[in-house]
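Per-entry structural report
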Amino acid sequence: MGSLVPYLDLNLLPDHNIVTPKLEPKLEPLYEEPYYSTPNPNSSSYSNPDPGYYPESGSDAIQEISPVSEITAEGNDVYSEYYRISQLFQSAFAKKLQQYSDLTVVDPNSLAIVPQPEQTSVSTAVVKFKKHRSGEMIRVTTLGVEDARYFRDLVRRTRMLYDSLRIISMAEDERGENNNGKKVRGDLRAASLMRNGGLWLNRDKRIIGSIPGIYVGDVFFYRMELCVIGLHGQLQAGIDYVSASQSSNGEPIATSIVVSGGYEDDEDAGDVIIYTGQGGQDKQFARQCVHQKLEGGNLALERSRYYGIEVRVIRGFKYERSITSKIYVYDGLYRIIDCWFDVGKSGFGVYKYKLVRMADQPEMGSVLLRLAENLRTKPLEARPSGYLSLDISKGRETLPVFLFNDIDSDQEPMFYEYLMKPVFPPPAFQHMGNSIGCDCVSGCSAGCFCAQRNGGEFPYDRNGILLRGKPLILECGSFCRCPPNCRNRVTQKGLKHRLEVFRSRETGWGVRSLDLIHAGSFICEYSGVMLAREQVELFTMNGDSLVYPSRFPKRWMEWGDLSQVFPEFVRPPYLSVPPLDFAMDVSAMRNVACYFSHSSSPNVMVQFVLYDHHNILYPHLMLFALENIPPLRELSLDYGVSCDWTGKLAICN
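Rules of the game
Residues numbered from 1 in each chain as written. Predicted model: local features only at pLDDT ≥ 70, side-chain atom pairs only at ≥ 80, totals over all residues. Heavy atoms only, no water. Helix = DSSP H or I, 4+ residues; strand = E, 2+ residues; numbered from the N terminus. Buried < 20%, exposed > 50% of the residue type's maximum accessible area, 1.4 Å probe, protein only. Contact = heavy atoms within 4.5 Å. Areas by Shrake-Rupley, 256 points an atom, 1.4 Å probe, with all protein chains shown as cover. Pairing = 2+ DSSP bridges. Axes fitted to C-alpha atoms, helices over the stretch in contact; angles between N-to-C directions. Salt bridge = Lys/Arg side-chain N within 4 Å of Asp/Glu carboxyl O. Polar contact = N/O pair within 3.5 Å; in protein donor to acceptor, adjacent residues only side chain to side chain. Core = buried A, V, L, I, M, F, W, Y, C linked by side-chain atoms within 4.5 Å. Parallel < 35°, antiparallel > 145°, perpendicular 65-115°, else oblique. Left-handed = near helix turned anticlockwise from the far one by under 90°. Nonpolar A, V, L, I, M, F, W, Y, C, P; charged D, E, K, R; others polar.

1. Describing the overall build of the chain
Looking only at helices and strands, one finds 10 helices and 28 strands in the chain. Here the chain, with 653 residues, has 56% of them falling under the buried criterion. Counting contacts in the chain only where the partners sit at least 6 residues apart, residues at least 24 apart contribute 74% of the total. Accessible surface, the chain: about 28,600 Å² in total, of which carbon and sulfur atoms supply 52%.

This is the structure we're talking about:
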């Protein structure tokens, strides 16, 4: 097993009134949504959960679950809430959930990460995608371009489905359509549905190191989402590891940790972390009350140091711009270079581990978040050189649009007239005299005229998040009596995030946000001069350099598509949009959206919207986030047709 960590002589430590707590994994602080109520264990609807439908605990991969009375001892216990929701959906949606019976047997000894002792008999095979995670450890070394794109798209679609389920579940709770009016956490409900449908990622193997499809800097709002994509398999414990009973050499191996400041002896300097082990903490006062032991996650971290195995580090911290007031950021791979037993601040023995970030990795997401915060408030102090303009919109937008170039002397975006809203051709406003709107004086409510025009439901939740993509969204307009703060007025209010046009070595000019953008959020409108067919024919005589809205793929169909969870899911009937027969000229007048890069796996989609006229042949091109987009990450669209050389439309370069 190798040398053990040297122990201090605890007989020489000061005397204390020792309290012997129940040994528990290292728990990180949870910031729950105040929107949801706490489950009542005494309720008649509360049933004994199935232990197999919960992520493995820290001390054993398949640990015996305590009786319900013990699990729910604390009113805000997230474990009991997850159990309750899992059981509820197993009974309520048993007919809807797709069951997988195609099981594949894999060899647990292939590609073993640590040395394994010689065995005379073959160990028990692991069944692919069981209720519990596999113990087979592998490391993904190199991926080709196509493989990298495939895994990124897989992660993107999984996260998109998770967010869609969560957002729709919360909207249904608002309308009282779930559980007889009882509100449950949308993040746990979404995870339960996906788990029952076999849609959790990286369950058949335990990946050591980087996980394909997950980038350094990716952000998450819920711990449950980390479990869904396989980045960190513990719902609350800070150390995730392969237990000794599952490891090929009979020793536990750590795979990831979450650094959230849950222990008083933790020290985080960015590239170097002093991480405290698990156990012996008083939950009420967040202080040590007993000595820690070299077991469970503590032993797994020590064994990872001994074998030189890297661990993934996820940082969690409070963030006001998050929908949960907290955020989790994947900051890359670290190596454990030292571990020791020390006296903590409370006077009890704790295990400490020194982790150092590995070289040649992208910038940490937590660092970029702090940089973006400084750029929002003090841009010239954060970056003294490179700014060409602090607002290329010249006050036309609700928020300033920065222009930054620290690569060359190109200043092209400054030569165009900034156009906040598109210029429509005269045919768009024909027959306006016959337009009607809603009569909601204090704000639109369920069943109003504008809700009926959108298929009987509002397209947005109360936070302005898009619930489902549609062929066309009809927002309240000038003919409606509802106030400006109506929930059906989202895209017409202008920019919601601070954007920056920047010079890129890869894409020419690109756009990135200085804010964290939530999945389903409105970003901006794509503006230019709209040309009717007759005008387009004249323009194309001298070469085609126009943007054609009809060429944008129907990415809106991906947002809110629940067919993977409910095979019989059918989108509600919506108003169909005929083929768009116009083009957009951005050769002289344009806005920030014209610099969005092209990508076949974009993080932004186009959603057609009407609000100031009712001509469905000339909709607004509104851009929404397909995923959670961290600050300073480039925004990208799928234009459908792009330049073979630059990967962007020629007009945008």
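Picking up after the structure, the text goes on.
2. Some thoughts on the sheet that holds strand β19 (residues 499–504)
Strands in a sheet are paired, the pairing made by backbone hydrogen bonds, and the direction either parallel or antiparallel. The 4 strands lie next to each other as β15-β16-β19-β20, forming an open sheet whose pairing is mixed. Lying at the two open borders of the sheet, with one neighbouring strand each, are β15 (387–389) and β20 (508–513). On average, each strand axis in the sheet is tilted by 30 degrees relative to the strand beside it, whichever way the strands run. Examined bridge by bridge, β15 and strand β16 (residues 401–404) share 2 bridges and lie antiparallel to one another. Each bridged residue has a counterpart across the sheet, and for serine 389 the counterpart in β16 is leucine 403.

3. Notes on the pairing of β19
Counting buried positions over the 6 residues of β19 gives 6, a clear majority of the element. Here β19 shows two buried faces, one formed by Leu499, Val501 and Arg503 and the other by Glu500, Phe502 and Ser504. Alignment of β16 against β19, held across 4 bridges, turns out to be parallel. From the neighbouring strand, phenylalanine 402 faces β19, where its bridge partner is glutamate 500. Alignment of β19 against β20, held across 6 bridges, turns out to be antiparallel. Counterpart to arginine 503 in the pairing with β20 is tryptophan 509. Once β19 ends, the chain turns through 3 residues before running back antiparallel as β20.

4. A word on the sheet that holds strand β27 (residues 620–625)
Read across the sheet, 4 strands follow the order β18-β26-β27-β21 without closing on themselves; strand pairing throughout is mixed. If you trace the sheet from one side to the other, it starts and ends with β18 (473–474) and β21 (522–525), each paired once.

5. Considering the pattern of salt bridges
Applying the stated criterion to the full structure yields 29 salt bridges. When the shortest N-O distance is used, the salt bridge between arginine 152 and aspartate 218 registers 2.8 Å. With arginine 152 in helix α3 (residues 145–174) and aspartate 218 in the loop between β4 (206–208) and β5 (219–220), the pair connects residues that are 66 residues apart, well separated along the chain. Judged by relative accessible area, which is 13%, arginine 152 ranks as buried. Assessed through its relative accessible area of 2%, aspartate 218 is described here as buried. By sharing partners, the salt bridges in this structure join Asp153, Arg156, Arg157, Arg555, Glu558 and Asp638 into a single network.

6. Here we look at the side chain of glutamate 310
Structurally, glutamate 310 is set in the loop between α6 (297–307) and β12 (311–318). For glutamate 310, the side chain forms a polar contact with the side chain of arginine 139, separated by 3.0 Å. What glutamate 310 contacts, discounting residues up to four positions off in sequence, is Arg139, Ile208, Gly209, Ala254, Leu333, Tyr334, Arg335 and Met358.

7. Considerations on the nonpolar core
Counting residues in hydrophobic clusters, the biggest one holds 42 residues, and the most contacted among them are Tyr526 and Phe596. Within the residue set of this core, elements represented by two or more residues are β16, β19, β20, β21, β26 (604–610) and β27. When residues of this core are assigned to their parent elements, the largest contribution, 4 residues, is made by β26. Within the second largest apolar cluster, 27 residues are counted, among which are Ile168, Val219, Leu562 and Phe569.

8. Quick look at the packing of α3 against helix α4 (residues 186–196)
Close contact between α3 and α4 brings their axes to 8 Å; oriented N to C, the two are set at 125 degrees. When the interaxial angle is binned, α3 and α4 end up oblique. In the crossing of α3 with α4, the sense of the turn from one axis to the other is right-handed. Judged by residue contacts, Thr158, Leu161, Tyr162, Leu165, Arg166, Ser169, Met170 and Asp173 of α3 engage Gly186, Asp187, Arg189, Ala190, Ala191, Leu193 and Met194 from α4. Classifying every residue of the contact of α3 with α4 by side-chain character gives 8 nonpolar, 3 polar and 4 charged.

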